[in-house]
Amino acid sequence: MEMRTMMKRIFLIVLDSFGIGAAPDAADFGDENTNTLGSVVKSEKFFCPNLQKLGLFNIEGVTCAAPVERPAGNYGRLREKSRGKDTIIGHWELAGIISKKAMPVFPDGFPAGFVEEFEKRTGRKCICNKPYSGTEVIKKYGEEHLKTGDLILYTSADSVCQIAANEAVIPVEQLYSYCETARELLAGDLAVGRVIARPFTGTSADNFTRTPNRHDFALSPPSPTMLDILESHGKDVISIGKIHDIFNGKGITESYKTTGNADGMEKISKISERDFSGLCFLNLVDFDMLYGHRRDVDGYAQALTDFDRFLTDFMQDMKADDLLMITADHGCDPAYMKTTDHTREEVPVLMYSKSVRGGVNYGIRDGFTCVANTVCRQLGLESDFYGGALEL
């Protein structure tokens, strides 16, 4: 039996990599004492009064700034159950799936058998085949690629296979086709979370630039998520940013790519002006991609300040039957210099609605999956993912 609908529209915003302190098992991942929020709050660029009013600094264990006496939102701390700290596993858990096994990584590059078969299928040789920064790899190998047409194959600390090519040498659609081939071959023990097309432009190492034509070819979730439940009951499921890629389109009724945080915030603002019933799901990738991995504390702090400024008008324009949920998928502490990888952290959950008084402290919740149950419940649907729902 379906429950009474409590909200008409839910806006779920994932601040990609916005951790709030090391998880109890952080040592298993080499991430002791990491704290993304604790690092960025020290920057003079950090000014987030809206997040503070919503209860960010009232969350248990957050001691880096002053709590407010009467938070406008409900707030809590989420502890990941999945064995991983990457984007896909984090988002899948937010949507209801706990991954008991981490996705494979390739610190020494991809095995020769895969590379040989991939070269055979595409008719092109591969260069690099090792973990690399996405901007540095095109500086290092881009000119060789221009001369030979060889594909730049590389990975990172994440479970990804990335293929870079200059758009003047290999058209974007052709690069996508090559990535689909890699996705097909990377199965079983080689099943990385994402194969990523990384087009770039330019004529030399001095001016190579990655373009917005990135495309992710993800694994499909292994079981139904909250998105599938919503879609099957006729709800709108609108994705913005890389959400569509993360879920391989499953359960999504409408999707929009973005060029970064500013574009994502502009798109969700436009969608909020529309009449729809269901979920609008946004990932803001710049926190992770531009600032976390690049260990840019001030850049990360400024991006949070920009997001907080966006919240002023967005929250003001919300309707009484709208619910705003803000959370994250993992950490990426920009002050942690041991690696440039994601960091195993707990994440915040902040919820706000004009029809809800606020001030509820959820404490520490086991599993990100409570987000999926909450979305379903507040849209009047049943779900039985691990951990129950967050009550408003």
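Owing to the predicted nature of the structure, the values given are computational and were not obtained by experimental measurement.

**Q** Please clarify how the packing of aromatic side chains should be interpreted in this entry.
**A** One pair of aromatic rings is described through two measures. These are the centre distance and the angle between the planes. Following the criterion strictly, the structure yields 13 aromatic pairs and no others. Each ring, one from F106 and one from F110, has its centre 4.9 Å from the other, and the planes form 40°; the classification is tilted. F110 shares its class with F106; the two are buried. The interplanar angle of 80° and the centroid separation of 5.1 Å between the aromatic rings of F200 and F208 together place this pair among those described as edge-to-face. Exposure class is identical for F200 and F208. Each is buried. An aromatic cluster is present here, built from F11, F276, F307, F310 and F314 joined pairwise through their rings.

**Q** Explanation requested: the sheet that holds strand β10 (residues 254-256) in the structure shown.
**A** In a beta sheet, neighbouring strands are held together by backbone hydrogen bonds and run either parallel or antiparallel to one another. With respect to topology, 8 strands assemble into an open sheet ordered β10-β9-β11-β1-β12-β13-β2-β14, the strand pairing being mixed. The open sheet terminates on both sides in strands that have one partner only, identified here as β10 and β14 (361-366). Direction aside, neighbouring strands of the sheet carry axes that sit 15° apart on average. Strand direction decides the pairing type here: strand β2 (residues 74-79) and strand β13 (residues 347-352), joined by 5 bridges, are antiparallel. Bridge pairing links Y75 to L350 in β13. In this fold helix α9 (residues 261-272) packs onto β1 (9-15), β9 (236-240), β10 and β11 (278-284), with an angle of close to 165° to the strand it touches most, β11. The strands touched by helix α12 (residues 370-378) within the sheet are β1, β2, β11, β12 (322-327), β13 and β14, with β12 carrying the most contacts at an inclination of about 175°.

**Q** Quick question: what am I supposed to make of the packing of α9 against helix α11 (residues 297-317) here?
**A** A pair of packed helices can be characterised by two numbers: the angle between their axes and the separation between those axes. Viewed as axis vectors pointing N to C, α9 and α11 meet at an angle of 10°, and their least axial separation amounts to 11 Å. Considering their axes alone, α9 and α11 lie roughly parallel with respect to each other. Every residue of α11 that contacts α9 at N261, M265, I268, S269 and S272 is listed here: A303, D306, F307, F310 and F314. Per-class residue counts for the contact of α9 with α11 are 6 nonpolar, 3 polar and 1 charged.

Parameters and conventions
- Residues numbered from 1 in each chain as written.
- Predicted model: local features only at pLDDT ≥ 70, side-chain atom pairs only at ≥ 80, totals over all residues.
- Heavy atoms only, no water.
- Phe/Tyr/Trp six-rings, centres within 6.5 Å; stacked < 30°, edge-to-face > 60°.
- Buried < 20%, exposed > 50% of the residue type's maximum accessible area, 1.4 Å probe, protein only.
- Pairing = 2+ DSSP bridges.
- Helix = DSSP H or I, 4+ residues; strand = E, 2+ residues; numbered from the N terminus.
- Axes fitted to C-alpha atoms, helices over the stretch in contact; angles between N-to-C directions.
- Contact = heavy atoms within 4.5 Å.
- Parallel < 35°, antiparallel > 145°, perpendicular 65-115°, else oblique.
- Nonpolar A, V, L, I, M, F, W, Y, C, P; charged D, E, K, R; others polar.

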